[in-house]
Amino acid sequence: MSPRLKKLIATLLIVLVWLPVYALFVMGLATHVLPNATWYVSLGFYALAGTLWILPIGLALPWMHREPG
């Protein structure tokens, strides 16, 4: 598979599948966990949630840039 096609597939999966699913999951989790939380717990939750979305993307990057073998 060409690198260009890999990048297209990964980009579409990230934008159309991963980010919406992750955002909905975090919103649902926040409504159950944070209603009575203090400000520093909310800050920690959103800081963690705001950085964890990148982990699967970081796993996709080596695959996207690997030369065809």
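The structure this text deals with has already been given above.
Right, let's walk through the structure included here. Quantities reported herein were computed from a predicted structural model and do not represent experimental measurements. (Residues numbered from 1 in each chain as written. Predicted model: local features only at pLDDT ≥ 70, side-chain atom pairs only at ≥ 80, totals over all residues. Heavy atoms only, no water.)

Turning our eyes to something else, we now look at helix α1 (residues 3–33). The periodicity of an α-helix, 3.6 residues per turn, causes residues three or four places apart in sequence to face the same way. Roughly 40 degrees is the biggest bend found in α1, and it falls at Ile14. If you check which residues of α1 are buried, you get Lys6, Ala10, Ile14, Tyr22, Val26 and Ala30. If you follow the buried residues of α1, they end up packed against α2 (39–52) and α3 (54–65). (Bend = angle between axes of the 7 residues up to and from the residue. Helix = DSSP H or I, 4+ residues; strand = E, 2+ residues; numbered from the N terminus. Buried < 20%, exposed > 50% of the residue type's maximum accessible area, 1.4 Å probe, protein only. Contact = heavy atoms within 4.5 Å.)

Relative to the helices and strands, Trp18 is located in helix α1. Along the sequence, Trp18 and Leu59 sit 41 residues apart, while their C-alpha atoms lie 13 Å from each other. Excluding anything up to four places from it in sequence, Trp18 contacts Leu13, Trp53, Pro56 and Ile57. At 3.0 Å, the side chain of Trp18 forms a polar contact with the backbone oxygen of Trp53. (Polar contact = N/O pair within 3.5 Å; in protein donor to acceptor, adjacent residues only side chain to side chain.)

Moving on to the side chain of Ser42. By the element assignment, Ser42 lies in helix α2. Ser42 sits in the buried class, given a relative accessible area of 17%. Each residue touching Ser42, except ones within four places of it in the same chain, is listed here: Leu34 and Ala37.

Moving on, we come to α2. Along its 14 residues, α2 runs 20 Å from first to last C-alpha, staying within 8% of the 20 Å computed at 1.5 Å per residue. Among all positions of α2, only Ser42, Phe45 and Ala49 are buried. Down the axis of α2, the buried set is contained in an arc of 65 degrees. They therefore lie on one face. Exposed side chains of α2 directed beyond 90 degrees from the buried face belong to Trp39, Tyr40, Leu43 and Leu48. (Expected span 1.5 Å × (residues − 1). Arc of directions from axis to C-beta.)

This paragraph deals with the packing of aromatic side chains. Taken as a whole and judged by the stated rule, the model has three aromatic pairs. Consider the rings of Phe45 and Tyr46, whose centres lie 5.3 Å apart with planes at 80 degrees: the pair is edge-to-face. Among the residues examined, Phe45 registers a relative accessible area of 16% and is labelled buried. Owing to a relative accessible area of 47%, Tyr46 belongs among the partly exposed residues under this scheme. (Phe/Tyr/Trp six-rings, centres within 6.5 Å; stacked < 30°, edge-to-face > 60°.)

Inside soluble globular proteins, nonpolar side chains tend to come together where they are buried. In terms of nonpolar packing, the biggest core is built from six residues, these being Tyr22, Val26, Ala30, Leu34, Phe45 and Ala49. Listed by contribution, the elements that provide at least two residues to this core are α1 and α2. (Core = buried A, V, L, I, M, F, W, Y, C linked by side-chain atoms within 4.5 Å.)

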